[in-house]
Amino acid sequence: GFGWAVTRTQALADLDAFFAQRAESFGPYQDAMLSGEPFMWHALISTSLNLGLLHPAEVCERIVAAYEVGEMPLASAEGLLRQILGWREYIRGVYWHRMPELRSANALGGKRRLPQLYWDPSATDMRCLQQSVGAVREHGYAHHIQRLMVLGNFALLCGVEPLELSHWFWAGFVDAFEWVQLPNVHGMAMFANTDFTTKPYAASGSYIHKMSNYCRDCAYQVKKKHGDGACPFNHLFWHFMVEHRERLSQNPRLGMLYRTWDKMKEGDRRSILDSSAQFLGSLRDAEHDWSFHDDQG
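Within each chain, residues carry numbers counting from 1 in the order of the written sequence. Only residues with pLDDT of at least 70 are given local features in this predicted model, and only at 80 or more are side-chain atom pairs given and counted; all residues enter the totals for whole chains, interfaces and linings. Working from all heavy atoms in the structure, the side-chain values ignore hydrogens and water.

Considering the overall build of the protein chain
Secondary structure assignment for the protein chain yields 14 helices and 0 strands. For helices the rule is a DSSP run of H or I covering at least 4 residues; for strands it is a run of E covering at least 2, with both sets numbered from the N terminus onward. Its helices and strands in sequence order give the protein chain the pattern α-α-α-α-α-α-α-α-α-α-α-α-α-α, from N to C terminus. Its C-alpha radius of gyration of 20 Å places the protein chain within 12% of the 19 Å reference for a compact globule of 297 residues. Considered along the principal axes of its C-alpha atoms, the protein chain spans approximately 60 × 40 × 40 Å. Sorting the 297 residues of the protein chain into buried and exposed places 50% on the buried side. Should any heavy atoms of two residues lie within 4.5 Å, those residues are considered in contact. Sequence separation of at least 24 residues holds for 70% of the intrachain contacts in the protein chain that already meet a minimum separation of 6. For the protein chain, the computed accessible surface area is about 14600 Å², with 51% contributed by carbon and sulfur atoms. Between the centroid of the 29 positive side chains of the protein chain and the centroid of its 33 negative side chains there is a distance of 8 Å. Note on method: radius of gyration uses C-alpha positions; expected globular size equals 2.2 Å times residues raised to 0.38. Buried, partly exposed and exposed residues are distinguished by accessible area as a fraction of the type maximum, computed with a 1.4 Å probe on protein chains only: under 20%, between the cut-offs, and over 50%, respectively. Surface accessibility follows the Shrake-Rupley procedure with a 1.4 Å probe radius. Residue values consider only the protein chains on display as shielding. By the counting scheme adopted, Arg and Lys are positive, Glu and Asp are negative, and His together with the chain ends is not counted. Charge positions come from single atoms, namely NZ of Lys, CZ of Arg, CG of Asp or CD of Glu.

Structure representation (structure tokens):
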């Protein structure tokens, strides 16, 4: 089925449904991920905003009005306002200011082609990727933590070429206009342009375990760092940090991580790097020779 608004009337109905059913709990649970629950408490209005069916100002005014009459707690109102009035408008400005060089940005030198698992969730045993890719396949949608900390984080740790991931987001998501997806993918997810954040959004399996129930039914063990059955996010994270140590070690926010790595036993460090090398070697590139034709700026 196709559940996204394509008319003004449908967009307003979706907005009404959000405030009636999910707005109150949006703030506390906006970063949560649950198996079989692709939508959670999210507003699901990004497509309508990007198509012009809803105006950002009217949505923000609606949020403020709901807060003032006690229908939306501060955490929920502030969280959604920040995403629309803060981040969305900021990204719009960044796109116009940084294009066209943003399109080819690749500060970390990623060269890997996008793995097959992004097109076919059955190509991986990682539960978090199965759920997130499956949501995109079924609905053309995944919420912001799935986008950044699962789909983006995995591509970052694996050294995927940023434009490969960007084109996949553009092709797969119903709300992915270039002006909004390209800065988010290149700037936030892939650290391809360093104007957005002071450090990469790289994380191990412990973050996904904290924010979801994906690890409960996964074939991998989230608390295991290396060896058979270890969560790939764990050894990929340390492989990424070691690979980019010369660039990242000067960042004061990352110094403790490198001190932790240096304190590990030599055998553990070697096993971690061996596990990541084995995993990366097993990744399958997309089976079909896909390409995304844009206007090259």
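Thoughts on the packing of aromatic side chains
Geometry of an aromatic ring pair is reported as the spacing of the ring centres plus the angle between the planes. Put simply, two rings from Phe, Tyr or Trp (the six-membered ring, in Trp's case) pair if the centres are within 6.5 Å, and we call them stacked under 30 degrees between planes, edge-to-face over 60, tilted for the rest. This structure, assessed with the given rule, holds 17 aromatic pairs. Plain terms: the ring middles of Phe154 and Phe279 are 6.2 Å apart, the flat faces sit at 90° to each other, and that makes the pair edge-to-face. Placement of Phe154 in helix H7 (residues 144–158) and of Phe279 in helix H14 (residues 266–282) is noted, with a sequence separation of 125 residues between them. According to the relative accessible area criterion, Phe279 is buried, its value standing at 13%. Site record: aromatic cluster; members linked through ring pairs are Tyr118, Phe154, Trp168, Phe169, Phe173, Phe233 and Phe279. We note Arg92 situated over the ring of Trp179; from NZ or CZ to the ring centre the distance is 4.7 Å. Geometry around Tyr201 places Lys199 over its ring, the cationic atom sitting 6.0 Å from the centre. Placement of a charge over a ring requires the Lys NZ or Arg CZ to be within 6 Å of the ring centre, with the centre-to-atom vector within 35 degrees of the ring normal.

Some details on the nonpolar core
Buried residues of nine kinds, namely Ala, Val, Leu, Ile, Met, Phe, Trp, Tyr and Cys, make up a nonpolar core once their side-chain atoms join them within 4.5 Å. Among the nonpolar cores identified, the biggest contains 57 residues, and Tyr118, Leu151, Phe154, Leu165, Trp168 and Met190 are the most heavily contacted of them. Among the elements of the structure, helix H6 (127–139), H7, helix H8 (162–172), helix H9 (178–189), helix H11 (232–243), helix H13 (255–263) and H14 are those that each provide at least two residues to this core. Considering every element that reaches this core, the biggest residue donor is H7, with 10 residues. Residues in contact with Phe154, not counting those within four places in the same chain, are Leu117, Tyr118, Met126, Leu129, Phe233, Leu236, Phe279 and Leu283.

Looking at the packing of H8 against H9
Two numbers describe how H8 lies on H9: the axes approach to 9 Å, and their chain directions differ by 140°. Where H8 crosses over H9, the handedness of that crossing is right-handed. Between H8 and H9, the contacting residues are Pro162, Leu163, Leu165, Ser166, Phe169 and Trp170 on the first element and Glu178, Gln181, Leu182, Val185 and His186 on the second. Each residue is assigned to one class: nonpolar for Ala, Val, Leu, Ile, Met, Phe, Trp, Tyr, Cys and Pro, charged for Asp, Glu, Lys and Arg, and polar for all the others, Gly among them. Of the residues contributing to the contact of H8 with H9, the split by class is 7 nonpolar, 3 polar and 1 charged. Here an axis means a line fitted to C-alpha atoms, over the contact stretch when the element is a helix, while the angle between two N-to-C directions is reported on a 0 to 180 degree scale. Crossing handedness: left-handed means the near helix sits turned counterclockwise from the far one by under a right angle, and right-handed means the same turn made clockwise.

Here's the deal with H9
When you tally the buried positions in H9, you get 11 out of 12 residues, the bulk of the element. Regarding H9, the residues found buried are Glu178, Trp179, Val180, Gln181, Leu182, Pro183, Val185, His186, Gly187, Met188 and Ala189. Turning to H9, the residues buried within the fold contact helix H3 (46–51), helix H5 (74–98), H7 and H8. Remark: Phe191 follows H9 within two positions and exhibits a positive phi of approximately 50°.

Some thoughts on the packing of H11 against H13
Between H11 and H13, whose axes approach to 11 Å, the crossing angle comes to 105°. One way to sum up the angle between H11 and H13 is to call them roughly perpendicular. Across the interface between the two elements, Phe237, Trp238, Met241 and Val242 from H11 touch Leu257, Tyr258, Thr260 and Trp261 from H13. Tallied by class, the residues present in the contact of H11 with H13 amount to 7 nonpolar, 1 polar and no charged. Roughly parallel means an angle under 35 degrees; roughly antiparallel means over 145; roughly perpendicular covers 65 to 115; every other angle is labelled oblique.

Observations regarding the confidence of the model for the protein chain
In predicted models, pLDDT denotes the confidence assigned by the predictor to each residue on a 0 to 100 scale. Predicted confidence across the protein chain gives a mean pLDDT of 94, with 98% of residues reaching 70 or more. Per-element mean pLDDT across the protein chain ranges from 93 in H8 up to 98 in H11.

Here's the deal with the state of the cysteines
Pairs of cysteine sulfur atoms within 2.5 Å are identified as disulfides in what follows. All chains considered together, the criterion is met by 0 disulfides. Considering cysteine sulfurs only, Cys128 is the nearest to Cys158, which forms no disulfide, with 11 Å between them. Unpaired in this structure, Cys218 has its nearest cysteine sulfur neighbour in Cys128, at a distance of 6.3 Å. For Cys218, a relative accessible area of 22% corresponds to the partly exposed category.

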